[in-house]
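# What the coordinates show
Here is what each chain is made of, one letter per residue.
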Amino acid sequence: MEKFDVLVRGNGCVGRSLALALGARGLRVALLARPTAPSSSADVRAYALNAASVALLTRLRVWEGLAEDARTPVHDMRIHGDRAGAELHFSAWQQGAGELAHIVDAAALEDQLDAALRFAPHVQRVTEPVPATLQALCEGRDTGAAQEFGVHYERHDYGHMGVATRLIASKPHQGQAWQWFRSPDVLALLPFDRPEPGHSYGLVWSLPKDEARRLMAAGPAEFESALLEATGGAAGTLKLAGERQSWPLQLCRADALCGPGWVLLGDAAHLVHPLAGQGLNLGLADVEALVDVIVRRESWRSLGDEKLLRRYARARIAPTWAMGELTDGLLRGFASQAPVLARLRNEGLRLVDRAGPLKKWLTARALGH
């Protein structure tokens, strides 16, 4: 049986991007894509991609293939606390950036990655594991693949579920994203141009499990009423334009990112709360880091050399740990009912909003700079 340079295990955006990036460097790549049962509902997922992720997808010749209405630029973001006047406003113009992020249709991105893979001569899709010098695990942690290498996970269940859907608003979104920290839930509206250009949003709503289940079971009118109450009508009247989907929310970290002949990326390595919209950005940054380490390796060093792979681990431990701590701290701080914390967190939003250099630094981190 042919031995490949790299076996990529994971057919999501991170795995497909890694296969493309390594194949473009002339490596022989096998992409393990086990068949999955077709979903009975339309995909309502949307990704918030920063400048670094867009740059990677552009180099992979994926970005330019996305339809205009599948990638919506975010020019402004307004964050609201749970007390009057507690607001934080980020503006791309004020920060000297073209946009803060792009909101991308998940299904459209996956389709474009597939299209690029069809023209990648060094990448071969397989349905079973094949011999390879290096195994790159990008599958979700629950597949059990990482456990084959003795990896264990530190998990914290937030007791929340994420609820996602598509919405149509009575007001134009004008490229503005919204977020409400409402103690204990967090609601984000991501400007989008599907299904209605200029008037659509992707919803990501983190809710305690019982409330999430209630809203998942609620009729459209009841759900839309809850949205209006949560947003105060700031984005206009919001109407459901897609099915609702939900999933449990966790903070999760692998206790090791690599070993002899194997490495973890994306959800196989880390999982953070979606309130910062950085999950896929972290995974694509993993791809960039691993490809860079491989390209710069000594000519005599094997792809599976543990010392080589540790360079990747050192490059990614700090950024992924910091993002996990940031999202975890924000959720805990805004979920607490303690009056002292309520005062501190809301005053913190006001202070950051008035601190120009700090806002610029935060924006740069969000852009992936």
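Residues numbered from 1 in each chain as written. Predicted model: local features only at pLDDT ≥ 70, side-chain atom pairs only at ≥ 80, totals over all residues. Heavy atoms only, no water.

## A word on the sheet that holds strand β9 (residues 132-137)
The strand order across the open sheet built from six strands is β8-β2-β1-β9-β17-β16, with neighbouring strands paired in mixed fashion. For this open sheet the edge positions go to β8 (123-126) and β16 (258-259), each flanked by a neighbour on one side alone. Those strands touched by helix α1 (residues 13-24) are β1 (4-9), β2 (29-32), β8 and β9, and its axis lies near 170° from that of β2. (Pairing = 2+ DSSP bridges. Helix = DSSP H or I, 4+ residues; strand = E, 2+ residues; numbered from the N terminus. Contact = heavy atoms within 4.5 Å. Axes fitted to C-alpha atoms, helices over the stretch in contact; angles between N-to-C directions.)

## Section: the sheet that holds strand β4 (residues 71-74)
Note: strands within a sheet are paired through backbone hydrogen bonds, in either parallel or antiparallel orientation. A sheet is described by the order of its strands in space; here three strands give the open sequence β3-β7-β4, paired in antiparallel fashion. The open sheet is flanked by β3 (46-49) and β4, the only strands paired with a single partner. Within this sheet the neighbouring strands show an average axis-to-axis angle of 25°, counted without direction.

## What about the pattern of salt bridges?
One pass over the full model with this rule turns up 25 salt bridges. A salt bridge links Arg16 to Asp114; its shortest N-O distance comes to 2.9 Å. You can see Arg16 sitting in helix α1 and its partner Asp114 sitting in helix α3 (residues 106-118), a full 98 residues away along the chain. Just as Arg16 is buried, Asp114 falls in that class too. Ionic pairing is found between Glu229 and Arg182, a salt bridge with its closest N-O pair at 3.3 Å. Of this pair, Glu229 sits in helix α5 (residues 220-231) while Arg182 sits in the loop between β11 (176-181) and β12 (186-192), and the two are 47 residues apart along the sequence. (Salt bridge = Lys/Arg side-chain N within 4 Å of Asp/Glu carboxyl O. Buried < 20%, exposed > 50% of the residue type's maximum accessible area, 1.4 Å probe, protein only.)

## Describing the nonpolar core
A general feature of soluble globular proteins is that nonpolar side chains tend to end up buried together. Residues Leu18, Leu49, Leu109, Val263, Leu264 and Leu265 are the most contacted members of the largest nonpolar core, which totals 63 residues. It is helix α6 (residues 279-295) that provides the largest number of residues to this core, a total of eight residues. Beyond its immediate sequence surroundings of up to four residues, Leu265 is in contact with Val14, Leu18, Ala136, Leu137, Cys138, Asp286, Val287, Leu290 and Tyr312. Within the second largest apolar cluster, 20 residues are counted, among which are Trp180, Tyr201, Trp205 and Ala230. (Core = buried A, V, L, I, M, F, W, Y, C linked by side-chain atoms within 4.5 Å.)

## Here's the deal with the packing of aromatic side chains
Applying the stated rule across the entire model yields three aromatic pairs. Summarising the aromatic geometry, the rings of Trp178 and Trp180 are spaced 5.6 Å apart at their centres and angled 5° between planes, so their arrangement reads as stacked. Grouping residues by exposure puts Trp178 and Trp180 together as buried. Aromatic pair Trp205 and Phe223: ring centres 6.1 Å apart, planes at 70°, arrangement edge-to-face. Note that Trp205 is positioned in strand β13 (residues 200-208) and Phe223 in helix α5, a separation of 18 residues in sequence. The exposure class of Phe223 is buried, given its relative accessible area of 0%. Sitting over the face of the ring of Phe223, Arg244 holds its NZ or CZ atom 4.8 Å from the ring centroid. (Phe/Tyr/Trp six-rings, centres within 6.5 Å; stacked < 30°, edge-to-face > 60°. Lys NZ or Arg CZ within 6 Å of the ring centre and 35° of its normal.)

## Remarks on the packing of α1 against α6
Two packed helices can be described by the angle between their axes and the distance between those axes. It is at 9 Å that the axes of α1 and α6 come closest, and there the two elements cross at 25°. Judged by the inter-axis angle, α1 sits roughly parallel to α6. Judged by the sense of rotation from one axis to the other, the crossing of α1 with α6 is right-handed. Taken together, the residues of α6 that come into contact with α1 (itself represented by Cys13, Val14, Ser17, Leu18, Ala21 and Leu22) are Leu280, Gly283, Leu284, Val287, Leu290, Val291 and Ile294. Looking at the contact of α1 with α6 residue by residue, the class counts come to 11 nonpolar, two polar and no charged. (Parallel < 35°, antiparallel > 145°, perpendicular 65-115°, else oblique. Left-handed = near helix turned anticlockwise from the far one by under 90°. Nonpolar A, V, L, I, M, F, W, Y, C, P; charged D, E, K, R; others polar.)

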